[in-house]
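Below are the chains, spelled out letter by letter.
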Amino acid sequence: MRAAVIVPAAGQGRRMGSLPKAFLPLAGRPVIAHALEALLHDDRVTQAVIAIDAAQAADPPPWLTQLDPRVCIVAGGQERTGSVRNALATVASDIDVVLIHDAARPLVSRALVKRALDEAGAGRSVTAAIPVADTVHEVGEDGRVVATPDRSRLWRAQTPQAFPHSVLRDAYARAAARDVEATDDAALVARFGVPVFVIEGEPRNLKITVPDDLRLARAWLQNGT
Ligand code: C5P
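Residues numbered from 1 in each chain as written. Predicted model: local features only at pLDDT ≥ 70, side-chain atom pairs only at ≥ 80, totals over all residues. Heavy atoms only, no water.

1. Quick notes on the environment of Ala128
Relative to the assigned elements, Ala128 resides in strand β7 (residues 125-131). Distance in space between the C-alpha atoms of Ala128 and Pro164 is 16 Å, their sequence separation being 36 residues. With near-sequence residues (within four places) excluded, Ala128 lies in contact with Leu112, Arg156, Ala157, Gln158, Thr159, Pro160, Ile199 and Gly201. (Helix = DSSP H or I, 4+ residues; strand = E, 2+ residues; numbered from the N terminus. Contact = heavy atoms within 4.5 Å.)

2. Points about the site of the ligand
The environment of the ligand is made up of 14 residues, and the closest members are Pro8, Ala10, Gly11, Ser83 and Lys207. Within the backbone of Ala104, a nitrogen or oxygen atom sits 3.2 Å from an oxygen atom of the ligand. Note that an oxygen atom of the ligand is positioned 2.5 Å from one of the side-chain N or O atoms of Lys207. Isolated, the ligand exposes 450 Å² of accessible area, and the fraction of that covered by the protein chains is 84%. Classifying every residue of the shell around the ligand by side-chain character gives 5 nonpolar, 4 polar and 5 charged. (Near = heavy atom within 4 Å. Polar contact = N/O pair within 3.5 Å; in protein donor to acceptor, adjacent residues only side chain to side chain. Areas by Shrake-Rupley, 256 points an atom, 1.4 Å probe, with all protein chains shown as cover. Nonpolar A, V, L, I, M, F, W, Y, C, P; charged D, E, K, R; others polar.)

This is the structure:
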């Protein structure tokens with residue numbers, strides 16, 4: 001089995017200050033370097049396509065281009081979907097499985113990457129997710145609670161998300177034809193009627209969104225727990 005990983009890293013992360021959040025320092029390395037270590041560990045991965053800010057892609061940081069021969073860089077889009085679409089366009093045609101992982105999730109484990117690749121290799125589309133602990137309300141524009149879905153059926157999506165290559169390619173082709181955007185590739189694929197299954201994610205696999213997330217990730221790494 002041959003797998004490609006797509007790493008969307010073109011988000012500006014306005015809540016984190018000036019530097020794109022994937023490139024903020026975490027325990028001596030950029031956030032994305034932690035994620036790439038887990039992703040590139042699996043030797044079924046033959047290609048790693050990283051979508052970075054278009055200006056940065058014209059002159060990518062040498063440490064990134066020299067990190068591993070499997071790495072290639074593409075310019076990201078305005079939205080995450082655009083970044084994934086650009087990366088998908090450079091995935092080689094002989095790739096069986098595509099795994100997508102946010103650059104902003106540095107603490108993903110090798111085991112979770114392996115599990116996602118195993119599932120997609122067996123023909124199943126999967127997303128890492130964890131059951132919600134809190135009650136979730138749907139709230140109207142006036143601040144009124146309009147619905148409270150059954151908590152026992154709600155899961156918070158994470159990445160990695162992994163798909164047979166043909167499934168993801170078809171979903172993106174159909175989405176482009178209908179001008180559909182999605183914040184999440186599992187949702188995009190499921191929207192076209194393809195079953196997508198959850199695999200148990202990891203609480204540590206947080207997405208760096210606000211400065212406190214970086215502090216938490218740093219503390220976890222320091223404690224080694
Ligand atoms: O901010 P958000 O939750 O959308 O970020 C998730 C991941 O998608 C991050 O790794 C971010 O760098 C990436 N992204 C991207 N292109 C965008 C927006 C976000 O690659 N236009």
